[in-house]
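What follows is each chain in one-letter form.
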Amino acid sequence: MSKLDPLLRYLLHPSRRKIDVFAETLVKGTAATSILIILLIFFFVFREASSLFFSDSPQATSTIQSSGAPTEYNPDSSSDAPTEYNPDGDTLELNKTVAAPTPEPEKLSLFENLFSKVWQPVSSVPKFGILPLIVGTAKTTIIAILLGAPLAILAALNITFFVSQRVREIIKPAIEMLANFPSVVIGFFCLMDVATLVKATFDIDFRLNALTGGIGLAIAVTPIIFTVAEDALSTVPQSYRQASLALGATEWQTAYRVMLPAALPGVFAAVLLGIGRAFGETMIALMATGNAPMMSFGIFDPSRTFAATIGAEMGEVIWGSEHYNILFFLGVLLFLFTFSLNAITELYVKKRLMKKFHGS
């Protein structure tokens, strides 16, 4: 009797088949439920944002009343009228000047408001200009990638080709552990230490600015880029490396002229993942950038990102108001940006670059 017969009888036993069917059904059901939940989240976000453009009902707005507003005195309504002493025994009413009503500021259309340069949601005429938020998000993201991506890629090259296996088993998990750090911890570190260091180094006015926030985001994205880039470099066939060394190239020349170009699709995907992580980060941007919606391209000026705006204002906004819908519209923009990154990774990196480096 073959040694495989007991194993085959075990695998083909009816009870075993029922367990396999149950496990398969459970996995499919879990996957379908996860997809459904994600679709429902997207539907909710798009529905709340669409009210901004397609709702005909008046938006709920907040009204701020001033207790010190000027009022007109009526002598018949109160006995406590302000009087002036007269030696003849009569009382004279003081003249009371009534302030002229101020004309209401002209309201902008929705698109003029959205693409203005002022974000001031609490005002007699709220202003929801997203241009300062776009500039602030772009500044911090670019700074984070310029600082984090080269460091992560060089670290991946070093770990893959230049250190021993024992050192690699220690350093790689240590770097990957940074990805598990809570964002609030990194934000607090930037708030207390990095901001002071940046201010003292560059002698600037603001401790919290786009550069400080970009450094914090770089700390957050570096482990992600490192992990994906290192995996991509490790999957390159060793025959490439051996052929390069056999032709007289040094280890460093082989690493950055042969192995890195061969792993470029994976490295490019790692950078895109880092961009998505930096673009959607909330707590670090909220704590380290100054959180001021300034229309400035300077890296030493405070800034505010999309995610930080949603995190800072969603908890106090009036449900159903224009401000409420605007914040969900910012969430839609975040989703579209992330979706575009994933589409570029799928359509360009996995197809075109892979075909290019495989010679097809």
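If you look the protein up in an unreviewed UniProt entry, it shows as Phosphate transport system permease protein from Leptospira hartskeerlii. On record in UniProt, under Sequence similarities (unreviewed entry), the comment for the protein is "Belongs to the binding-protein-dependent transport system permease family. CysTW subfamily." Looking at the Subcellular location (unreviewed entry) heading of the UniProt record, one finds this comment for the protein: "Cell membrane".

A. Focus on the overall build of the protein. When its secondary structure is counted, the protein shows 13 helices and four strands. Within the protein, the fraction of its 360 residues that count as buried is 32%. Intrachain contacts of the protein at a sequence separation of at least 6 include 69% that bridge at least 24 residues. For the protein, the accessible area works out to roughly 22,500 Å², and carbon and sulfur atoms hold 64% of it.

B. Looking closely at the packing of aromatic side chains. Applying the stated criterion across every chain yields a total of 14 aromatic pairs. An angle of 85° between the planes, with centres 5.4 Å apart, marks the rings of F44 and F328 as edge-to-face. Pair noted here: F44 is in helix α2 (residues 14-54) and F328 is in helix α13 (residues 322-357), with a separation of 284 residues, a long-range link. Take F328: its relative accessible area is 11%, and that puts it in the buried class. Measuring from ring centre to ring centre gives 5.7 Å for W119 and F128, while their planes differ by 75°; the resulting arrangement is edge-to-face. Comparing W119 with F128 shows no difference in burial state: the two are buried. Members of the aromatic cluster, joined through ring pairs, are F42, F46, F335 and F339.

C. Expanded view of the UniProt feature "transmembrane region" (unreviewed entry) in the protein. UniProt records the feature "transmembrane region" (unreviewed entry) at residues 21-46, 142-163, 175-198, 210-233, 254-275 and 326-349, using the numbering of this structure. Within residues 254-275, the helical portion is 95% and the strand portion 0%, while the C-alpha atoms at the span's ends are 28 Å from each other.

D. Inspection of the side chain of T222 at higher detail. With respect to the helices and strands, the residue T222 is situated in helix α7 (residues 210-234). We classify T222 as buried; its relative accessible area is 14%. If we ignore the near neighbours within four places in the chain, the residues touching T222 are G148, L151 and A152.

E. Representation of the pattern of salt bridges. On inspection of all chains with the given rule, the structure shows eight salt bridges. R47 is paired through a salt bridge with E48; the nearest N and O atoms lie 2.7 Å apart. Of the residues examined, R47 reaches a relative accessible area of 41% and is grouped as partly exposed. Ionic pairing is found between R241 and E251, a salt bridge with its closest N-O pair at 2.8 Å. Of this pair, R241 sits in helix α8 (residues 238-246) while E251 sits in helix α9 (residues 251-262), placing them 10 residues apart in sequence. Residue classification places R241 among the partly exposed residues on the basis of a relative accessible area of 22%. Its relative accessible area of 29% is what places E251 among the partly exposed residues. One network of salt bridges, in which partners are shared, links R168, K172, E230 and D231.

F. Spotlight on the packing of helix α5 (residues 165-177) against α7. One way to put it is that α5 packs onto α7 with a least axis distance of 8 Å and a crossing angle of 140°. By the angle between their directions, the pair α5 and α7 is classed as oblique. Here α5 contributes R168, K172, I175 and E176 to the contact with α7, which in turn contributes P223, F226, T227, E230, D231 and S234. Along the lines of polarity and charge, the residues of the contact of α5 with α7 split into three nonpolar, two polar and five charged.

G. Local environment of the environment of L245. Residue placement: L245 occurs in helix α8. Judged by relative accessible area, which is 30%, L245 ranks as partly exposed. Once you skip the residues sitting within four places of it in the chain, L245 turns out to touch T250, E251 and T254.

Rules of the game
- Residues numbered from 1 in each chain as written.
- Predicted model: local features only at pLDDT ≥ 70, side-chain atom pairs only at ≥ 80, totals over all residues.
- Heavy atoms only, no water.
- UniProt positions renumbered as here; feature names shortened; annotations may be inferred.
- Helix = DSSP H or I, 4+ residues; strand = E, 2+ residues; numbered from the N terminus.
- Buried < 20%, exposed > 50% of the residue type's maximum accessible area, 1.4 Å probe, protein only.
- Contact = heavy atoms within 4.5 Å.
- Areas by Shrake-Rupley, 256 points an atom, 1.4 Å probe, with all protein chains shown as cover.
- Phe/Tyr/Trp six-rings, centres within 6.5 Å; stacked < 30°, edge-to-face > 60°.
- Salt bridge = Lys/Arg side-chain N within 4 Å of Asp/Glu carboxyl O.
- Axes fitted to C-alpha atoms, helices over the stretch in contact; angles between N-to-C directions.
- Parallel < 35°, antiparallel > 145°, perpendicular 65-115°, else oblique.
- Nonpolar A, V, L, I, M, F, W, Y, C, P; charged D, E, K, R; others polar.

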